[in-house]
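What the coordinates show
Here is how the chains run, residue by residue.
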Amino acid sequence: MFGAGGGTNSYREIEETDVILLWGSNARETHPIFFHHLLKGIHHGARLFAIDPRRTSSARWAESWLGLEVGSDIALANAVGREIIAAGLVNREFVENATTGFEEYARAVEPCTLEYGERETGVPAEAIRGMAHAFARAERAMICWTLGITEHHNAVDNVLALINLSLLTGHVGRYGSGLNPLRGQNNVQGGGDMGALPDRFPGFQHVEVPEFRRKFEERWGVTLPPTRGWNITEMFEAMGEGELRALYVLGENPLQSEADQNLARRRLESLDFLVAQDIFLTATAAMADVVFPAAAGWCESDGTVTNSERRVQRVRKALEPPAGARDDVRILFDLARRMGHDWGEPRSEAIWDEVRSLAPPFAGMSYARIEALRGLQWPCYDDDHPGELFLHARLWERPIVGPRVAFHPVENDPPVERLSDEYPLRLTTGRRLDDYNTGVQTSGYASPLRRGESLDISPEDARRLGVHDGEVVRVSSPRGRIEVPIRIDDGLKPGLTFLTPHFPDEVATNLLTIDATDPRSGTAEFKAAAIRVDRLGGTGLT
C-alpha cells in the first residue's frame with residue numbers, strides 16, 4: 001500500500017477500532033483467525049458494515065449488509081466518496097497535508113449521487129448514506145477486503161476506489177485506521193515479501209531501478225535482466241503464443257485453478273517440458289515430465305512465514321519428510337548444483353540473513369529476535385527497531401515526510417461477460433470454511449462440515465425454476481458445462497448463483513469461469529461469469 005506491499009495495520013488494532021468496512025470478504029469462513037480478532041472489535045463496540053453480493057455468514061455480525069450487484073464496487077465506492085464530500089465530512093487537514101489530486105477526484109465523483117449508487121449497485125440510497133457517514137465520522141476506521149475486490153477484470157481500480165475513501169477521511173497512518181487486504185492463502189504475504197513477483201526483488205525493490213538491481217547483481221555475481229518478467233496470466237498467454245516452452249511449477253495447481261480450465265489444459269499440453277514440485281501429486285503434477293516430491297513446509301522444514309499483519313514468524317522442523325520427499329530449498333540447491341552452480345549447504349538461517357542484508361524492511365529481524373519476541377512486523381530496519389505496528393505514520397507529520405499520496409479517480413466498469421437470454425444468471429465463486437482452494441490439501445481428510453459441491457441459488461430463483469435442494473442440474477457457460485446438485489441459499493439475491501473450486505474432480509467450476517483479466521495485476525474475473533441452468537431431462541431453467 002502506497003509503495004509497501006502489505007496491509008497497514010495489526011490484528012490488535014481491529015479489536016480497538018470504531019468502524020469496519022468488510023468489503024468483498026466472507027472472512028468468517030475464509031479468514032477465520034482474523035475474524036476472531038474482528039469479533040473482539042465488535043464486542044468492544046465496533047460497527048461492522050458488510051459489503052458483498054451474498055449475505056454471507058460474516059454479515060450476521062454486521063450492523064448493515066450492503067448487498068451490491070456483482071462488479072459494482074467502484075460505483076458504490078464513488079457514491080460513498082461523493083456523499084462524504086457533499087456532507088462536508090472530508091478530513092481537510094489530512095487531504096491538504098498528505099494528498100494530491102483531490103479536486104480532480106471530487107469532480108469525477110460529483111455525478112455519483114446516492115440515487116446513482118442505488119441505481120448502479122442495487123444498494124438502497126439510505127444504506128449507502130449511513131455507511132458513508134459512519135465511516136467518515138468515526139475516530140478510527142478500517143477497510144478490509146479480499147478476493148471479492150481483486151478477482152475482477154478491473155481489480156486494481158477496485159482497490160484504488162477503496163484507497164480514495166481512506167484518503168478522504170484520513171483513515172490511514174494512524175492506530176486503528178487503515179487499509180488491509182486479507183491474504184487468501186498461508187504465507188501469500190511472505191511470498192510477495194521475498195520477491196515472488198515478476199517485477200520485485202525481496203523487500204518490494206523494483207527490478208527496473210538500477211541501484212536495486214546493482215545491489216543484487218554484486219551479491220549474486222550475475223547480470224540480471226533490467227525489465228520485469230511475466231505474471232502467471234502472462235505466462236499462460238505466452239504458452240498460447242509459443243513464446244513459453246518450459247514451466248517449473250512449485251506448490252501450485254494451475255490446471256485446476258486457472259479461470260478457464262479447458263484453455264489452461266491446452267496451453268499446458270503445448271509445453272515442451274513441465275516440472276512440478278509439490279507435496280501432493282496434483283492434477284498439474286500428473287501432467288508433468290518431472291515431479292519433485294517436496295516436504296510440507298509447515299512441519300517438515302525450517303524457515304519463516306509472514307501473515308496478513310506483516311508479522312514474520314519462525315517455522316521449525318518437527319518431522320522428517322517421508323522417503324523420497326525433500327525440503328523445497330534443498331531441491332533447488334541440488335538442481336543448481338547439477339546445473340553447475342554450487343550454492344553450498346541450504347541452511348534456512350543463512351538464507352534469511354542474506355535476505356536481511358539486501359532488503360532493508362527485514363534488516364533487524366534476526367532469528368534470535370524473532371524467537372525472543374514471538375515474531376516481528378516489518379518494516380524493522382535494525383536490531384533495535386521494534387517493528388512497525390502500523391504503516392504510513394509519516395502522512396501525519398507536519399510537514400509531511402516523503403511524497404504525498406495521490407487520489408486516483410476510477411470509473412465504474414461492469415463485468416466483462418454480460419447476462420443474456422442464453423446465459424441469464426450470474427455466477428460468482430468463492431471458498432467455504434471446510435475446504436481450501438482446489439481441494440488438494442483438504443479433500444483427503446474427513447470434515448464434519450463438508451457437504452460437497454453445490455450450485456447455490458436464491459429461494460426466489462428456486463421457486464421460479466421449479467427446482468429443489470439436491471436436484472442435479474446441468475450448468476453451462478460460453479466455455480463449458482458441468483453437472484452439480486442445487487442448494488437453496490437465502491443469502492443470495494435473485495439472479496445470483498455461487499460455486500466453489502473445492503471439488504474440481506467432481507465439479508470442475510473453472511470450466512465455467514472466464515479468463516478476462518486485469519491488465520495490471522493479471523487477476524482473472526473469477527467473480528463474474530454468465531451461466532444458464534438446464535434440467536438433465538432437457539428442460540431449460542432460465
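Residues numbered from 1 in each chain as written. Predicted model: local features only at pLDDT ≥ 70, side-chain atom pairs only at ≥ 80, totals over all residues. Heavy atoms only, no water.

This next bit is on the sheet that holds strand 9 (residues 246-250). A sheet is described by the order of its strands in space; here 3 strands give the open sequence 9-10-11, paired in parallel fashion. Pairing within the sheet leaves two strands with one partner each, and these edge strands are strand 9 and strand 11 (290-293). Recorded for the sheet is a direction-independent mean angle of 10° between the axes of neighbouring strands. Looking at chain direction, strand 10 (residues 273-278) and strand 11 are connected through 4 bridges and run parallel. Bridging from a neighbouring strand, Gln 277 pairs with Phe 292 of strand 11. (Pairing = 2+ DSSP bridges. Helix = DSSP H or I, 4+ residues; strand = E, 2+ residues; numbered from the N terminus. Axes fitted to C-alpha atoms, helices over the stretch in contact; angles between N-to-C directions.)

Moving on, we come to unusual backbone geometry. Note the cis peptide between Trp 378 and Pro 379, where omega equals 0°. Mapping Pro 379 onto the fold places it in the loop between strand 14 (376-377) and strand 15 (405-406). Cis peptide bonds are those with omega within 30 degrees of zero, and the linkage from Arg 398 to Pro 399 qualifies with 0°. Relative to the elements of secondary structure, Pro 399 occurs in the loop between strand 14 and strand 15. Notably, Arg 310 is not glycine yet its phi reads approximately 70°, a positive angle.

Attention shifts here to the sheet that holds strand 3 (residues 64-66). One open sheet holds the 5 strands; their spatial order is 3-2-1-5-6, and the pairing between them is parallel. This sheet does not close on itself; its edge strands, each paired only once, are strand 3 and strand 6 (178-181). If you compare each strand with its neighbour and ignore which way they point, the axes differ by 15° on average. Relative to strand 3, strand 2 (residues 47-51) runs parallel, the two sharing 3 bridges. Along strand 3, the bridge assignment pairs Phe 49 with Ser 64. Across the sheet, helix 10 (residues 155-169) is in contact with strand 1 (19-23), strand 5 (141-145) and strand 6; its angle to strand 5 comes to roughly 175°. (Contact = heavy atoms within 4.5 Å.)

So, on to helix 13 (residues 232-240). By the burial criterion, the buried members of helix 13 are Thr 233, Phe 236, Ala 238 and Met 239. Measuring from the backbone nitrogen of Thr 233 back to the side-chain oxygen at the start of helix 13 gives 3.1 Å, which picks out Asn 231 as the cap. Positive phi appears at Gly 242, one or two residues downstream of helix 13, with a value of about 80°. (Buried < 20%, exposed > 50% of the residue type's maximum accessible area, 1.4 Å probe, protein only. Polar contact = N/O pair within 3.5 Å; in protein donor to acceptor, adjacent residues only side chain to side chain.)

In this section: the pairing of strand 2. Residues in a regular strand project their side chains so that they alternate between the two faces of the sheet. By the criterion of burial, strand 2 is predominantly enclosed, with 4 of the 5 residues buried. Relative to strand 2, strand 1 runs parallel, the two sharing 5 bridges. Residue pairing across strands places Val 19 opposite Arg 47, the latter belonging to strand 2.

Along the chain, Arg 54 falls in the loop between strand 2 and strand 3. If we ignore the near neighbours within four places in the chain, the residues touching Arg 54 are Asn 26, Trp 65, Gly 491, Leu 492, Leu 496 and Phe 498.

Before going further, it helps to examine the domain arrangement of the protein. Under the domain assignment, the protein is made up of domain 1 (11-181), domain 2 (188-242 + 292-377) and domain 3 (425-535). Using C-alpha coordinates to define each centre, domain 1 is positioned 34 Å away from domain 2. (Domains from an automatic or database assignment.)

Applying the stated rule across the entire model yields 34 salt bridges. With its nearest N and O atoms 3.9 Å apart, the salt bridge here joins Glu 126 to Arg 129. With Glu 126 and Arg 129 both in helix 8 (residues 125-137) and 3 residues apart, this pair spans about one turn of that helix. Taking relative accessible area as the criterion, Glu 126 reaches 55% and is therefore assigned exposed. A salt bridge links Arg 311 to Glu 309, with the shortest nitrogen-to-oxygen separation between them at 2.7 Å. Taken together, the salt bridges that share partners define one network made up of Arg 432, Arg 451, Glu 453, Asp 456 and Arg 487. (Salt bridge = Lys/Arg side-chain N within 4 Å of Asp/Glu carboxyl O.)

As a further point, take the packing of aromatic side chains. Counted by the stated rule, this structure contains 13 aromatic pairs. Ring geometry for Trp 352 and Phe 362: centres 5.9 Å apart, planes at 45°, overall tilted. One end of the pair, Trp 352, is in helix 18 (residues 348-358); the other, Phe 362, is in the loop between helix 18 and helix 19 (367-373), with 10 residues separating them in the sequence. Overall, the relative accessible area of 1% leaves Phe 362 in the buried class. Taken together, a centroid distance of 6.3 Å and an interplanar angle of 85° make the contact between Phe 362 and Trp 378 edge-to-face. (Phe/Tyr/Trp six-rings, centres within 6.5 Å; stacked < 30°, edge-to-face > 60°.)

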